[in-house]
Structures are given as C-alpha cells and as structure tokens.
Amino acid sequence: MKKLTVKKGATCMACLECVRACSNAFYKEFDPGKSCIQIVDRKGAAKPMTCVQCGKCAAACEHGAITQNAKGVYVVNKKLCVGCGKCAEACPFGLMVKAETAPTASKCIACGICAKACPMEILEVVEK
C-alpha cells in the first residue's frame, strides 16, 4: 500500500509549505482549508496529519465515487462524485476536503507534492 507518512523522530517547523503545495495542486490557490494535509498542534509541537488510507470515506460514499486503486490508495472519481460531503464528515482525521467552491471532494492520493515542498524533508511516500 502506498502512503504518505511522517518520518520517525522528524520535527515539523509548521512552515505550511506542504499545505501550500497541496492546496495549490488541487485548487490553484493557497488555502489551508483546501489542503489534504494539515498541521496540528500536539503537546506543543507541530505535527503533520496525513491520510492513513483507512477507507472510511469510501464506505460513506453512497455513489461509489471513492475507490481503492491497485496501490491501495483511495481516490475520488470526479465523474461519480456529487459533492454531498458525506466522505468529509466520515473522515476521522478531517483530511477529506469538500470546499464550498468546488463541485467535488478531494483527498490525499499520496502524490508526494507535499513531501517535495517540505524544507525539513520530514514527509515521504512509502510502500507499506
């Protein structure tokens, strides 16, 4: 399974370059609310939250718009997505994005654009 992960023992400086890269890739603008990666405060330290590919979004989708590809990554079929946002409600980590201005939802597809943007090199796409 292909996943975006945070390297063990890595320190995030909360520069938001990963968030910027993701929202720019999906929505062509910097908007933290439109990023599929989020930086959260955990015990006084910044920590990137990444999609664990749990599939809860797919289970919540009544239209079959979210499926798992051959690499184990859940992806949104934009042709089937009706933009209801039930997938975003089902995501236990708040990483599914259903922007009001977008007709469909988006989620992390483990593309690695955020990892390339990270100046601390703490993100990586791995096969698990």
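Keep in mind that what you see is a predicted model, and the values were worked out from it rather than measured.

Visitor: What am I meant to see in the pattern of salt bridges here?
Guide: Once the charged atoms of two side chains with opposite charge are near each other, the side chains can pair. This structure, assessed with the given rule, holds three salt bridges. Of the charged contacts, one joins Glu17 and Arg20 as a salt bridge, the two residues approaching to 3.5 Å between their closest N and O atoms. In this pair, Glu17 and Arg20 both sit in helix H1 (residues 17-27), three residues apart, roughly one turn of the helix. A salt bridge links Lys86 to Glu62; its shortest N-O distance comes to 2.9 Å. Of this pair, Lys86 sits in helix H3 (residues 86-90) while Glu62 sits in the loop between helix H2 (56-60) and strand E4 (66-68); the two residues are 24 residues apart in sequence, bridging distant segments of the chain. Judged by its relative accessible area of 58%, Glu62 is exposed.

Visitor: Quick question: what am I supposed to make of the packing of aromatic side chains here?
Guide: The description of two aromatic rings rests on the distance between their centres and on the angle between their planes. Inspection of every chain in the model, using the stated rule, returns one aromatic pair. Look at Phe26 and Tyr27: their rings are 6.4 Å apart centre to centre, the planes differ by 40°, and that puts the pair in the tilted class. What makes Phe26 partly exposed here is its relative accessible area of 31%. On the basis of relative accessibility, which here comes to 16%, the residue Tyr27 falls in the buried class. The ring of Phe30 has Arg20 lying over it, and the distance from NZ or CZ to the ring centre is 4.1 Å.

Cut-offs and rules
- Residues numbered from 1 in each chain as written.
- Predicted model: local features only at pLDDT ≥ 70, side-chain atom pairs only at ≥ 80, totals over all residues.
- Heavy atoms only, no water.
- Salt bridge = Lys/Arg side-chain N within 4 Å of Asp/Glu carboxyl O.
- Helix = DSSP H or I, 4+ residues; strand = E, 2+ residues; numbered from the N terminus.
- Buried < 20%, exposed > 50% of the residue type's maximum accessible area, 1.4 Å probe, protein only.
- Phe/Tyr/Trp six-rings, centres within 6.5 Å; stacked < 30°, edge-to-face > 60°.
- Lys NZ or Arg CZ within 6 Å of the ring centre and 35° of its normal.

Geometry only, nothing functional implied.
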